[in-house]
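Inside the fold
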Amino acid sequence: MTTLEVADADWTPEFGRKYMAAFQVMQRARLMENKIGALYRSGGQVVGGVYLGRGQEAFSGGLGVQLQKGKDIYAPLIRDQAGRVAFGEEELDFFRTYLGAAPGPMRGRDGNIHRGRPKEGLLAMISHLGSMVSVVAGCLLARRMAGRLGDAVGATSIGDGGTSTGAFHEALNLAAVEKLPLIVSVANNQFAYSTPNDRQFACETLVDRAKGYGVRGWSVDATDLAQCLKTFEAAVAEARAGGGPQLVEGCLLRLSGHGEHDDAAYVPDAIRHSRLGQDCLLRAEKQIVARGLASESEIEQWAARVQKEIDAVVVQVAREPRPDPYRERWEAFSVRGMVEGFAE
Amino acid sequence: MSLTYLEAIREAQYEALNTRPEVFLYGQDIGTFGGAFKATKGLSKEFPGRVIDSPISEDAMVGVAIGAAIEGARPILEMQFADFSSVGFNQIVNQAGTLFWRTQTPCPITIRLPSGGTPGSGPFHSQSMESIYAHYPGLVIVTPATVDDAYWMLLDSVDLDDPVIFCEHKFLYYHLKADALGGRGLPIGKARIVRPGRHATVVAYSAMVHEALRAADELALDGYQIEVVDLRSVKPLDTETLLGSIARTGRILCVGESFPWGGVTAEVVARITAEAFHLLDAPPMRLNSKDTPIPYHPNLWKAHRPTVTTITESLKHLLRY
Ligand SMILES: Cc1ncc(C[n+]2csc(CCOP(=O)(O)OP(=O)(O)O)c2C)c(N)n1
């Protein structure tokens, strides 16, 4: 298991630029999620539940910025808004899906975090935890078989709870056997819904499992953007260079409920006030100011600009049509003519 | 004291824990948190060590329940949503469903499936899985539609020496209320005529019973008396009661919320056709959800599942024949 510390010497101008870019991704994700949370609470516009990645932006975005859309494959999970922004998913996709607008990528058929554009390498998660890992592996396997894998990688993430599924185990083992360029980021946010880690697994750390699977393991303080960036850069580079699957565990705390319906009263104050409970966004902001990369007022200006964009998107999406059951094509097949009629 | 369908499920689990030391509850977030829907609220405190939080491991959860049952326990498993039981499918159909037949060892486990659609839930938090499990031998499938049945049938399920798939409908959790709990009703395997009628029979179960009753109300305005039968359990399927109803009405529509290919409604129609052809005045009809995954947006969701409107239309068609 590897933990990379970030020293002053790491703060090259190049690293500073990457840090700032990643920070802006995190900031945008946070503002988008704040907006959807507010819309959820005011009622009427959001269809169904809302699931946020607040507090996980450094870890999610830190991976996302290493990936290239058009080349790599990414299967974000429930708390990966920052990774999605980094990968280049449009804001429209986010709001159209949450608000159930017909023009969105899911066209009202699926919602919230279950969105994606598989043809663009952005897979659309199903709810069943653990299920995406093998699918990413399959994408990579097929590309390798077709001789067009190059140095592309596939990445997905999972929570502490999701690591208890058979699907997770089977997929990681398979990917290791095939030595696929797969990055699995485990966002260990201490709770799976209400279930604390001591009811979820008995190993000391989840990254210990890497050895059992025969893959490279990395561990990071996921509230620290610098460490996330440095680690994911190294892990992704290793996968690109043929080093096989990489398991990256990030320790942090979910700074929201499981969904916006949940007040997370089961999270003890002691954990909230521990190092795990630090807000990665605030930490990064302080770092930026301390290192003189930008001033507080510049950061505020960026936020104001992004907020304007977000508000405009929401206004646009609110006016868009919603799905119409009479125009809906009630077919689950891609091939026309496969549908049977059911006598009513 | 009035109680909801959901509270009845909680109360039944309280009663089971209280009266049978072999009972324990196992599932994700069911301990202190009381479950995603609060169906086990407060139970871990009242029964320490017997209401246990599981990891997110449906396959192992079912396996553990089966092992415990072999040792004489009577576990009640909670799936967080019915949809996730697919991950435990192998243990359910191949281990639980075959155990007694292969070894003469009973398998008294109850698996609670929070089932069915609610608006905005999408393809993976809305499924009705009674048909898929009913297809396999060795599993009892119950589908309570009332507060009383939710309570008593859960207790009956725990008492039964066979594996029971307990399909509880999420749409009824809070909507359905009773002023008080009634006495013990019919046993598992017996359907109930909820509303007697003369002109046609609607056979339904779970949440669809209530849609069917509303359709019957609508048609009453046109002077039709529609009989509504609540199957209560889809396996065993009470063919006897259905035949009696057909003998009175001569027309039958079977309504189910699960997908249309095969399943409970097809089974009902097949049995009626084979055993009561001579009693029928019209071809038996069935109505299910559409043959696509369950949509997220309420506009689509409402058109996907049978509703009072589509049931009424189908009945009109049936009555005109
Ligand atoms: C196979 C499966 N079982 C149950 C669920 C219900 N469920 C949704 S999210 C969740 C908790 C997930 O916890 P974790 O993996 O730690 O991710 P986090 O929410 O903490 O980010 C559960 C139990 C599911 N989605 N899939």
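The structure displayed is predicted, hence computed values, not measured ones.

Rules used in this analysis
- Residues numbered from 1 in each chain as written.
- Chains lettered and ligands numbered in written order.
- Predicted model: local features only at pLDDT ≥ 70, side-chain atom pairs only at ≥ 80, totals over all residues.
- Heavy atoms only, no water.
- Near = heavy atom within 4 Å.
- Polar contact = N/O pair within 3.5 Å; in protein donor to acceptor, adjacent residues only side chain to side chain.
- Nonpolar A, V, L, I, M, F, W, Y, C, P; charged D, E, K, R; others polar.
- Pairing = 2+ DSSP bridges.
- Helix = DSSP H or I, 4+ residues; strand = E, 2+ residues; numbered from the N terminus.
- Axes fitted to C-alpha atoms, helices over the stretch in contact; angles between N-to-C directions.
- Contact = heavy atoms within 4.5 Å.
- Parallel < 35°, antiparallel > 145°, perpendicular 65-115°, else oblique.
- Left-handed = near helix turned anticlockwise from the far one by under 90°.
- Core = buried A, V, L, I, M, F, W, Y, C linked by side-chain atoms within 4.5 Å.
- Buried < 20%, exposed > 50% of the residue type's maximum accessible area, 1.4 Å probe, protein only.
- pLDDT = per-residue confidence, 0-100.
- Buried area = accessible area lost by both parts, 1.4 Å probe.
- Salt bridge = Lys/Arg side-chain N within 4 Å of Asp/Glu carboxyl O.
- Domains from an automatic or database assignment.
- Disulfide = S-S within 2.5 Å.
- Patch = residues over 30% accessible without salt bridge, like charges linked within 9 Å, V, L, I, M, F, W, Y side chains within 5 Å.
- Areas by Shrake-Rupley, 256 points an atom, 1.4 Å probe, with all protein chains shown as cover.

**A look at the site of the ligand**
For the ligand, the set of nearby residues contains 20 residues, the closest of which are A:Arg79, A:Ser127, A:Gly161, A:Gly162 and B:Glu58. The ligand is flanked by residues contributed from chains A and B. A:Asp160 is positioned with one of its side-chain polar atoms (N or O) 3.0 Å from an oxygen atom of the ligand. A distance of 3.3 Å separates a nitrogen atom of the ligand from a polar side-chain atom of B:Gln80. Classifying every residue of the shell around the ligand gives 8 nonpolar, 9 polar and 3 charged.

**Focus: the sheet that holds strand β1 (residues 73-75) of chain A**
Residues and elements named next belong to chain A. Strands sit in the order β1-β2-β3-β7-β6 across an open sheet of 5 strands; the sheet is parallel. Whereas interior strands pair on both sides, the edge strands pair on one side only; in this sheet they are β1 and β6 (216-221). Across the sheet, the mean angle separating the axes of adjacent strands is 20 degrees when strand polarity is ignored. Each of β1, β2 (154-159), β3 (182-188), β6 and β7 (246-251) touches helix α2 (residues 57-64); the most contacted strand, β3, lies at about 170 degrees to it. Sheet strands in contact with helix α6 (residues 166-177) are β2, β3 and β7, and its direction is about 145 degrees off that of β3.

**With respect to the packing of helix α1 (residues 5-19) of chain B against helix α6 (residues 147-159) of chain B**
Residues and elements named next belong to chain B. At a minimum axis distance of 8 Å, the contact between α1 and α6 shows a crossing angle of 30 degrees. In this view, α1 runs roughly parallel relative to α6, as classed from their interaxial angle. Between α1 and α6 lies a crossing whose hand is right-handed. Along the contact surface, α1 presents Tyr5, Ala8, Ile9, Glu11, Ala12, Gln13, Glu15 and Ala16, while α6 presents Val147, Ala150, Tyr151, Leu154, Leu155 and Val158. The residue makeup of the contact of α1 with α6, split by class, is 11 nonpolar, 1 polar and 2 charged.

**Let's talk about the nonpolar core**
A:Ile36, A:Phe95, A:Tyr98, A:Phe168, A:Leu182, A:Val184 and A:Leu247 are the most contacted members of the largest nonpolar core, which has 52 residues in total. In terms of residue count, the dominant contributor to this core is helix α1 (residues 13-42) of chain A (6 residues). If sequence neighbours within four positions are ignored, A:Phe95 has contacts with A:Met32, A:Lys35, A:Ile36, A:Ile310, A:Val313, A:Val314 and A:Val317. Judged by nonpolar contacts, the second largest core, of 44 residues, contains B:Tyr26, B:Ile92, B:Val93 and B:Leu242.

**Describing the confidence of the model for chain B**
The share of residues in chain B with pLDDT of 70 or more is 100%, and the mean pLDDT across the chain is 97. Complex prediction metrics read pTM 0.95 and ipTM 0.92.

**Structural notes on the side chain of A:Asp80**
Tracing the backbone shows A:Asp80 in the loop between β1 and α3 (81-87). Setting aside chain neighbours within four positions, we find A:Asp80 in contact with A:Ser60, A:Tyr74 and A:Ser157.

**Focus on the interface of chain A and chain B**
If you look at the interface, chain A gives 41 residues, while chain B gives 37 residues. With both chains or domains summed, chain A and chain B bury close to 3000 Å², and 65% of this area falls on carbon and sulfur atoms. Counting across the chain A and chain B interface gives 0 salt bridges. Run the count over chain A and chain B and you get 16 residue pairs in polar contact (both at pLDDT 80 or more).

**So, the packing of α2(A) against helix α8 (residues 225-240) of chain A**
Two quantities define a packed helix pair, namely the angle between the helix axes and the distance between the axes. Residues and elements named next belong to chain A. Between α2 and α8, the least distance of the axes is 8 Å, while the angle of their chain directions is 35 degrees. Considering how the two elements wind past one another, α2 and α8 form a crossing that is right-handed. Contact residues: α2 offers Ala58, Phe59, Gly62 and Leu63, while α8 offers Leu225, Cys228, Leu229, Phe232 and Val236. Broken down by class, the residue content of the contact of α2 with α8 amounts to 8 nonpolar, 1 polar and no charged.

**Remarks on the domain arrangement of chain B**
Residue and element names in this part refer to chain B. Structurally, chain B comprises domain 1 (3-178) and domain 2 (192-320). Taking only C-alpha atoms, the centre of domain 1 and the centre of domain 2 are 26 Å apart. Opposite the 30 residues of domain 1 that make contact, domain 2 presents 23 residues. Surface buried jointly by domain 1 and domain 2 totals about 2100 Å² across both partners, of which 58% is contributed by carbon and sulfur atoms. One can count 2 salt bridges joining domain 1 with domain 2. A salt bridge links Arg192 to Asp149; the shortest N-O distance between them is 2.9 Å. Linking domain 1 to domain 2 there are 16 residue pairs in polar contact (both at pLDDT 80 or more). Taken together, the elements giving at least two residues each to the side of domain 1 that touches domain 2 come down to α5 (130-134), β6 (140-142) and α6. The class makeup of the residues in the side of domain 1 that touches domain 2 is 15 nonpolar, 13 polar and 2 charged.

**Thoughts on the pattern of salt bridges**
Applying the stated criterion to the full structure yields 43 salt bridges over all chains. For A:Arg144, the salt bridge is made with A:Glu178, and the minimal N-O distance between the two is 3.0 Å. One end of the pair, A:Arg144, is in helix α5 (residues 131-145); the other, A:Glu178, is in the loop between α6 and β3, and 34 residues separate them in sequence. Note on A:Arg144: relative accessible area 34%, which makes it partly exposed. The class for A:Glu178 is partly exposed, based on a relative accessible area of 31%. The partner of B:Glu227 in a salt bridge is B:Arg248, and the shortest N-O contact between them spans 2.8 Å. Within this pair, whereas B:Glu227 is found in strand β11 (residues 226-230), its partner B:Arg248 is found in helix α9 (residues 239-249), the two being separated by 21 residues in sequence.

**Observations concerning the state of the cysteines**
All names here are of chain A. For the coordinates displayed, the defined rule picks out 0 disulfides over all chains. Cys228 takes part in no disulfide bond, and the closest cysteine sulfur to it belongs to Cys280, at a distance of 7.6 Å. Judged by relative accessible area, Cys280 falls into the buried class, the value being 0%.

**Some thoughts on the sheet that holds strand β13 (residues 252-255) of chain B**
Residue and element names in this part refer to chain B. Pairing is mixed across the open sheet formed by 5 strands, whose spatial order is β9-β11-β10-β13-β14. Since the sheet does not close on itself, it has two edges, and those belong to β9 (192-195) and β14 (285-287), each with one partner. When the angles between neighbouring strand axes are averaged without regard to direction, this sheet yields 25 degrees. Here β13 pairs with β14 via 3 bridges, running parallel.

**Quick word on a nonpolar patch on the surface**
Together, A:Phe333, A:Val335, A:Met338 and A:Val339 make up a nonpolar patch on the protein surface, roughly 340 Å² of accessible area in all. Tracing the backbone shows A:Val339 in the segment after α11 (296-319).

**A few points about the pairing of strand β7 (residues 164-169) of chain B**
All names here are of chain B. With 6 of 6 residues buried, β7 is to be regarded as a mostly interior element. Burial along β7 is two-sided: the face carrying Val164, Phe166 and Glu168 and the face carrying Ile165, Cys167 and His169 are both buried. Sheet topology places strand β5 (residues 110-115) next to β7; 6 bridges connect them, and they run parallel. When the sheet's bridge partners are listed, Leu113 is paired in β7 with Cys167. Of the pairings in the sheet, the one linking β6 to β7 comprises 3 bridges and is parallel in character.

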